[in-house]
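Below are the chains, spelled out letter by letter.
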Amino acid sequence: MSSSWISIAMQSIRSHLSLTSLAILMLVMHLSACATTGAPPAMAPEASLPTLNPTDVASAPLLTPTQAPAILEARRLNLEWPPTIRVGDSDVIRLTLEVDDQGNLTPTAQIEGHETRGETVFIPDLYDTHNVLAEARLDMSGMQVTPEGEVSEPLAPGQSVSFFWSVRPVDVGTYRGTIWMHLRFIPLDGSAESRKPLTAQLVEVRAVNFLGLGGLAARLLGVLGTLVGSVLGLDNIIPWVIKRFRRKK
């Protein structure tokens, strides 16, 4: 009985040893294969960095250069005004924005006795994409100015625009004013419009009386005229008084 139990135990041990040996042999063979191919042992997956797909590069928007500024159109700005005006009379101040193909830099007065001043200004050439308006206003305190407020004129390529103001002094003196001019750009696509200041022209007008005198000289002449009139009045009154007195006698 004991010999048979020992025999069974020995067979069980041999079978376990065979299985263990087989497992050790398979592990050794696996490690040998890994060492031969150079493949690293399996590791837990890690988060990988994002990679740039070539298709993304092809479809990415390219940087475009900044749009070139609008071409500037050179124009001649001419101002004409009367240096003196007699009180009670009216005269004209004229501002013209013109295209001068001949390169003439000297403005010419349209009315005799007027003074002129000119300068070159540059306007963005946006006529293909915008409606361009020239707006002007004359501010001159103490003068009757017509028209009042701001006046606008359409500006087209190669065409001149002119603004006229009638001025009338109410008293003798020197009057200074400013002519403001702006450009108004209205996009043809309906987007927001813009306004750009172009120039501010100073103008001075001296108002004189009918003898061409102004200021203090005119006032002194008025006082002198009053005195002369008083003296002449006395010369007429005194003989009349003497005559009346003799009649009573």
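Conventions used here
Residues numbered from 1 in each chain as written. Predicted model: local features only at pLDDT ≥ 70, side-chain atom pairs only at ≥ 80, totals over all residues. Heavy atoms only, no water. Pairing = 2+ DSSP bridges. Helix = DSSP H or I, 4+ residues; strand = E, 2+ residues; numbered from the N terminus. Axes fitted to C-alpha atoms, helices over the stretch in contact; angles between N-to-C directions. Contact = heavy atoms within 4.5 Å. Polar contact = N/O pair within 3.5 Å; in protein donor to acceptor, adjacent residues only side chain to side chain. Buried < 20%, exposed > 50% of the residue type's maximum accessible area, 1.4 Å probe, protein only. Phe/Tyr/Trp six-rings, centres within 6.5 Å; stacked < 30°, edge-to-face > 60°. pLDDT = per-residue confidence, 0-100. Core = buried A, V, L, I, M, F, W, Y, C linked by side-chain atoms within 4.5 Å.

Q: Got a minute to help me understand the sheet that holds strand β3 (residues 91-98) in this structure?
A: Hydrogen bonds between backbone groups are what pair the strands of a sheet, and the pairing can be parallel or antiparallel. Spatial ordering of the open sheet is given by β4-β1-β3-β8-β6, a layout of 5 strands whose pairing is antiparallel. Two strands bound the open sheet, and with one partner strand each, they are β4 (115-124) and β6 (143-146). Strand-to-strand twist of the sheet, defined as the mean angle between neighbouring strand axes without regard to direction, takes the value 20 degrees. Pairing analysis gives 5 bridges linking strand β1 (residues 72-81) to β3, with the strands arranged antiparallel. Note that in β3 the partner of Arg76 across the bridge is Glu98.

Q: Can you walk me through the sheet that holds strand β5 (residues 130-139) in this structure?
A: Pairing is mixed in the open sheet, where 5 strands are placed in the order β2-β10-β9-β5-β7. Looking at strand neighbours, the two that pair on one side only are β2 (84-86) and β7 (150-155), the edges of this open sheet. Across the sheet, the mean angle from the axis of one strand to that of its neighbour is 30 degrees, orientation sign disregarded. By the bridge criterion, 3 bridges tie β2 to strand β10 (residues 194-208) in an arrangement that is parallel. Bridge pairing in β10 links Ile85 to Ala207.

Q: Explain the environment of Arg195 to me, please; I cannot follow it from the model alone.
A: With respect to the element layout, Arg195 can be found in strand β10. C-alpha of Arg195 to C-alpha of Phe185: the two residues are 10 residues apart in sequence and 6.2 Å apart in space. Apart from the residues within four sequence positions on either side, Arg195 is in contact with Glu135, Glu150, His182, Leu183 and Arg184. Reaching out from Arg195, the side chain makes a polar contact with the side chain of Glu135 at a distance of 2.9 Å.

Q: It is not clear to me how the pairing of β3 should be interpreted in this structure. Could you clarify?
A: On a regular strand, one side chain projects to one face of the sheet and the next to the other, so that they alternate. Burial analysis of β3 places 6 of its 8 residues in the buried class, which makes it a mostly covered element. Relative to strand β8 (residues 161-169), β3 runs antiparallel, the two being bridged by 7 bridges. Bridge pairing links Leu97 to Val161 in β8.

Q: Would you explain the packing of aromatic side chains in this entry?
A: Given two aromatic rings, one states the distance between the centres and the angle between the planes to describe the pair. Tallied over the entire structure, the rule returns 1 aromatic pair. Taking the centre distance of 6.2 Å and the plane angle of 20 degrees together, the rings of Phe163 and Trp165 count as stacked. Exposure class is identical for Phe163 and Trp165. Each is buried.

Q: Before we go on, may I ask you to explain the confidence of the model for the chain in this structure?
A: One rule of thumb: low pLDDT means the predicted coordinates there are not for detailed reading. Chain-level pLDDT for the chain is 74 on average; 53% of the residues reach the 70-or-more range. Note on residues 38-68: pLDDT under 50 across the span, and 2 contacts to partners over four residues away in sequence or across chains.

Q: When you look at the environment of Gly177 in this model, what are you seeing that I'm missing?
A: Structurally, Gly177 can be placed in strand β9 (residues 173-187). The buried category is assigned to Gly177, whose relative accessible area is 6%. Here the alpha-carbon distance between Gly177 and Met143, two residues 34 residues apart in the chain, equals 9.3 Å. If sequence neighbours within four positions are ignored, Gly177 has contacts with Asp139, Met140, Gln201, Leu202 and Val203.

Q: So what exactly am I meant to see when it comes to the nonpolar core here?
A: The nonpolar side chains of a soluble globular protein tend to be buried, and buried together. Counting 31 residues, the largest nonpolar core has Ile93, Leu97, Leu138, Met140 and Trp165 as the members making the most contacts within it. Those elements that place two or more of their residues in this core are β1, β3, β4, β5, β6, β8, β9 and β10. When residues in this core are grouped by element, the largest group, 5 residues, is from β9. What Ile93 contacts, discounting residues up to four positions off in sequence, is Leu79, Glu80, Trp81, Pro82, Leu138, Met140, Phe163, Phe164, Trp165, Val167, Ile179 and Val203.

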